[in-house]
Every structure is written in C-alpha cells, then in structure tokens.
Amino acid sequence: MPLIDAIAGIRDFPVVTCTVWQRTVWIDNLIPLPNTRWVTDFTYVRTHEGWLYATVVMDLFYRRVIGWSLSSRATSEAVMDALLIAIWRRQPKTSVLVYSDQGAQYTSRDWLDFLKNIDWKSA
C-alpha cells in the first residue's frame with residue numbers, strides 16, 4: 001500500500017455489504033418465534049443517593065423490553081426479579097434460551113439453579 005493511500009485511509013481489502021433481505025433471512029433463521037430467545041443485561045447509573053442498578057430483559061424476536069428491575073445493589077436477586085417480571089408478562093409455553101454476559105450475577109449459583117428449575121438454558 002503506498003504511503004499516500006495509507007494517509008488518505010484507502011484500504012486494500014474489499015468492503016462487504018449486506019442487503020436488507022439478507023439480514024432479514026439471517027435474523028428469521030436465528031430467532032424463529034417469539035418467546036424463544038431473550039437477552040438480559042444490567043447497567044448502573046450514578047444518582048444523588050448513590051448507584052442505581054437497572055436490569056432489563058428483551059425478547060429478541062420483537063426487540064422490546066419485556067422485564068426490568070431497579071435495585072440499589074448489583075445482586076443475582078435483581079437480575080432474577082427482572083426475569084420473573086418478563087415471565088409474568090409473557091408467560092412463555094416452551095423453554096427459552098436466555099443470553100447474558102458472563103458477569104457475576106449471571107454466573108452465580110442462584111441464577112443457574114433458577115434457570116435449571118424452570119428448564120431454561122443460559123447462553
């Protein structure tokens with residue numbers, strides 16, 4: 001690559017794009033039905049009274065938040081509360097695959113036992 005091209009930001013590799021149709025087909029194959037794939041995560045916000053931890057659960061088929069929880073501490077109970085609200089609101093009839101990060105709350109014994117008791121899997 002010539003120095004002029006490198007400075008200008010020209011790259012040697014081709015740009016690969018994806019059409020809307022290709023993305024739709026890929027997403028439809030990944031998430032076949034509602035209430036089959038959920039994702040959960042939590043974040044924290046600094047307030048005047050300290051830290052506030054917000055946990056959300058989202059259905060990947062509809063891409064909507066279906067459960068949430070607010071807590072003053074980052075515990076496994078807070079993430080289980082958000083999942084319980086999602087279960088109560090959606091009442092899934094089959095097993096759900098729950099995607100989450102590998103944080104302490106999602107790898108705790110309480111969380112894994114909870115998912116095992118309701119015959120769900122964690123990813």
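In the block above lies the structure referred to throughout.
Model, not experiment: these values are computed from the prediction.

A. Main features of the packing of aromatic side chains. As enumerated under the stated definition, the model contains seven aromatic pairs in all. Between the aromatic rings of Phe42 and Tyr53, the centroid separation amounts to 6.4 Å while the plane-to-plane angle is 55°, which identifies the pairing as tilted. Of this pair, Phe42 sits in strand β1 (residues 37-47) while Tyr53 sits in strand β2 (residues 50-59), and the two are eleven residues apart along the sequence. Relative to Tyr106, the ring of Phe42 has its centre 6.4 Å away and its plane inclined at 45°; by these criteria the two rings are tilted. Here the residue Phe42 occupies a position in strand β1, and Tyr106 occupies one in the loop between β4 (97-99) and α4 (109-117), the gap between them amounting to 64 residues. Residue Phe42 is classed as partly exposed on the basis of its relative accessible area of 21%. An aromatic cluster is defined as three or more aromatic residues linked by ring pairs; in this entry it consists of Phe42, Tyr44, Trp51, Tyr53, Tyr106 and Trp111.

B. Focus on the packing of helix α3 (residues 76-90) against α4. With their axes 9 Å apart at the nearest point, α3 and α4 run at an angle of 25° to one another. In terms of orientation, α3 and α4 fall into the roughly parallel class. As α3 runs across α4, the sense of the crossing is right-handed. Across the interface between the two elements, Ser76, Glu77, Val79, Met80, Leu83, Leu84 and Ile87 of α3 pack against Asp110, Trp111, Phe114 and Leu115 of α4. Taken together, the residues of the contact of α3 with α4 break down into eight nonpolar, one polar and two charged.

C. Representation of the nonpolar core. Of all hydrophobic cores here, the largest spans 15 residues; its most connected members are Trp38, Val57, Leu83, Val98, Trp111, Leu115 and Trp120. By residue number, the principal contributor to this core is α3, which donates five residues. Not counting the four nearest positions on each side in its chain, Trp111 is found in contact with Thr40, Val79, Met80, Leu83, Val98, Gln105, Tyr106 and Ser122.

Reading the values: rules and limits
- Residues numbered from 1 in each chain as written.
- Predicted model: local features only at pLDDT ≥ 70, side-chain atom pairs only at ≥ 80, totals over all residues.
- Heavy atoms only, no water.
- Phe/Tyr/Trp six-rings, centres within 6.5 Å; stacked < 30°, edge-to-face > 60°.
- Helix = DSSP H or I, 4+ residues; strand = E, 2+ residues; numbered from the N terminus.
- Buried < 20%, exposed > 50% of the residue type's maximum accessible area, 1.4 Å probe, protein only.
- Axes fitted to C-alpha atoms, helices over the stretch in contact; angles between N-to-C directions.
- Parallel < 35°, antiparallel > 145°, perpendicular 65-115°, else oblique.
- Left-handed = near helix turned anticlockwise from the far one by under 90°.
- Contact = heavy atoms within 4.5 Å.
- Nonpolar A, V, L, I, M, F, W, Y, C, P; charged D, E, K, R; others polar.
- Core = buried A, V, L, I, M, F, W, Y, C linked by side-chain atoms within 4.5 Å.

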